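Analysis of the macromolecular model
One letter stands for each residue in the lines below.
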Amino acid sequence: MIISWNITKECQLKCKHCYRDAGVKQKGELTTAEGLDLIEEIAKAGFKILIISGGEPLMRADVYDLIRHAKAQGIRPVLGSNGLLITREVARKLKEAGLVRAGISLDSISENVHDDFRQEQGAWKGTIAAMKICREEGLDFQIHTTVTTYNYKDVEKITDLAVELGAKAHHIFFLVPTGRGKDMDAVIPDDKYQELLQKIMKKQGEVSIELKPVCAPQFVPLAKDLGQSTRFQKGCLAGTSYCVILPNGDVHPCPYFPVRVANVRDQKFSEMWKEHSLFKELREANYTGQCGACEHKMSCGGCRARAYAESGDYMDFDPACIYH
């Protein structure tokens, strides 16, 4: 099981797609002491991987303490970052603290497209420099790309760049219109969604690093249809083996699924994860519409966040489904 914790809303960028609408630090963010207790609850609930993200998580001074504590609890700590604060010293401190891998965002092979998307001149150069530092310091990293109408034609080229830079994986996030992403009007058309998924699956057979579409759960049955093996057993994990904790302690089923479950200050997380009715509903998988009748219901699950964004009903069908 895997969990994300957005440890802060603070960020030095104002990316156009940001699901967290990050920028300014949020009042009432969990303290270091609360965070250490939360990590113990996460371990108690059975989670094995903790994604520490934001905002920009490296803007919190205690990030190394949180990574170290997660490691001590038997959890694999990984990072989700824009990379711009990763100096050689930071990379060494992250590795020393026990970070298993850094996920660094890169949205184009074009410097101008990436900088425009991230709304910061020089962001592309800084991100590439961070990846080279990680490689040289022996800190594993992977590339995260958000797919939009800006860059969907270049995804395979970004994979090639990931291989060239020494990344261990390329995770490809299909835009869900939430947060600032609601104002972008940049979700790729359904036919391009299907075409790109097939290209990614084909590309996986050509490269040695892991490729994973995110918020595109149809890739699991598609891989089977194409005769490709994958370690992933289900597409959408929201509320079943994954959730996200916000900077103030609110819990959502996934970062792109803005429905509040509860707050870790009001209820122990391990109890919430086991007992809350919203999580139970998602695990029962009694979807409506086409998702409910689909033969791939349990291997795909449909994107619950996209269903919610489209109709306001997170149990409804996934409007981008390539099978219906």
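To be clear, the structure that these remarks concern was listed above.
Notes on the structure in this doc start here. (Residues numbered from 1 in each chain as written. Predicted model: local features only at pLDDT ≥ 70, side-chain atom pairs only at ≥ 80, totals over all residues. Heavy atoms only, no water.)

This part takes up the packing of aromatic side chains. Evaluation of the coordinates by the stated rule reveals ten aromatic pairs. Relative to phenylalanine 269, the ring of phenylalanine 47 lies with its centre 5.8 Å away and its plane at 45°, an arrangement referred to as tilted. Of this pair, phenylalanine 47 sits in the loop between helix H1 (32-44) and strand E2 (49-53) while phenylalanine 269 sits in helix H9 (residues 269-275), and the two are 222 residues apart along the sequence. For phenylalanine 47, a relative accessible area of 2% gives the class buried. Three or more aromatic residues joined by ring pairs make a cluster, and in this case those are Phe47, Phe269, Trp273 and Phe279. Against the face of tryptophan 273 rests arginine 283, its NZ or CZ located 4.4 Å from the ring centre. The ring of tyrosine 287 is capped by arginine 304, whose NZ or CZ atom sits 4.1 Å from the centre of that ring. (Phe/Tyr/Trp six-rings, centres within 6.5 Å; stacked < 30°, edge-to-face > 60°. Helix = DSSP H or I, 4+ residues; strand = E, 2+ residues; numbered from the N terminus. Buried < 20%, exposed > 50% of the residue type's maximum accessible area, 1.4 Å probe, protein only. Lys NZ or Arg CZ within 6 Å of the ring centre and 35° of its normal.)

Turning to the packing of H1 against helix H2 (residues 63-72), a few remarks are in order. In the contact formed by H1 and H2, the axes pass within 9 Å of each other and the chain directions differ by 20°. Relative to H2, the element H1 is oriented roughly parallel. Handedness of the crossing formed by H1 with H2: right-handed. Two secondary-structure elements touch here, H1 through Thr32, Gly35, Leu36, Ile39 and Glu40 and H2 through Asp65, Leu66, His69 and Ala70. Per-class residue counts for the contact of H1 with H2 are four nonpolar, three polar and two charged. (Axes fitted to C-alpha atoms, helices over the stretch in contact; angles between N-to-C directions. Parallel < 35°, antiparallel > 145°, perpendicular 65-115°, else oblique. Left-handed = near helix turned anticlockwise from the far one by under 90°. Contact = heavy atoms within 4.5 Å. Nonpolar A, V, L, I, M, F, W, Y, C, P; charged D, E, K, R; others polar.)

Close approach of charged atoms allows side chains of opposite charge to pair. Tallied over the full model, the rule gives 17 salt bridges. Among the ionic pairs, glutamate 195 bridges to lysine 192, the shortest N-O distance being 3.8 Å. A residue pair is termed a helical-turn pair when its members lie 3 or 4 positions apart in one helix, as glutamate 195 and lysine 192 do in helix H7 (residues 190-204) at three residues. Given a relative accessible area of 34%, glutamate 195 falls into the partly exposed group. With a relative accessible area of 26%, lysine 192 lands in the partly exposed category. In this structure, the salt-bridge partner of arginine 306 is aspartate 318, at a minimum N-O distance of 2.8 Å. Here arginine 306, found in helix H12 (residues 304-311), pairs with aspartate 318, found in the segment after H12; they are twelve residues apart in sequence, far enough to count as distant. The pair formed by arginine 306 and aspartate 318 is uniform in burial state, with each residue classed as buried. Beyond isolated ion pairs, a larger network of salt bridges with shared partners links Arg88, Arg92, Glu136 and Glu137. (Salt bridge = Lys/Arg side-chain N within 4 Å of Asp/Glu carboxyl O.)

Time to look at H12. Along H12, the residues that are buried comprise Arg304, Ala305, Arg306 and Ala307. If you follow the buried residues of H12, they end up packed against H7, helix H10 (277-284) and helix H11 (289-293). Among the residues trailing H12, glycine 312 stands out with phi positive, at a value near 85°.

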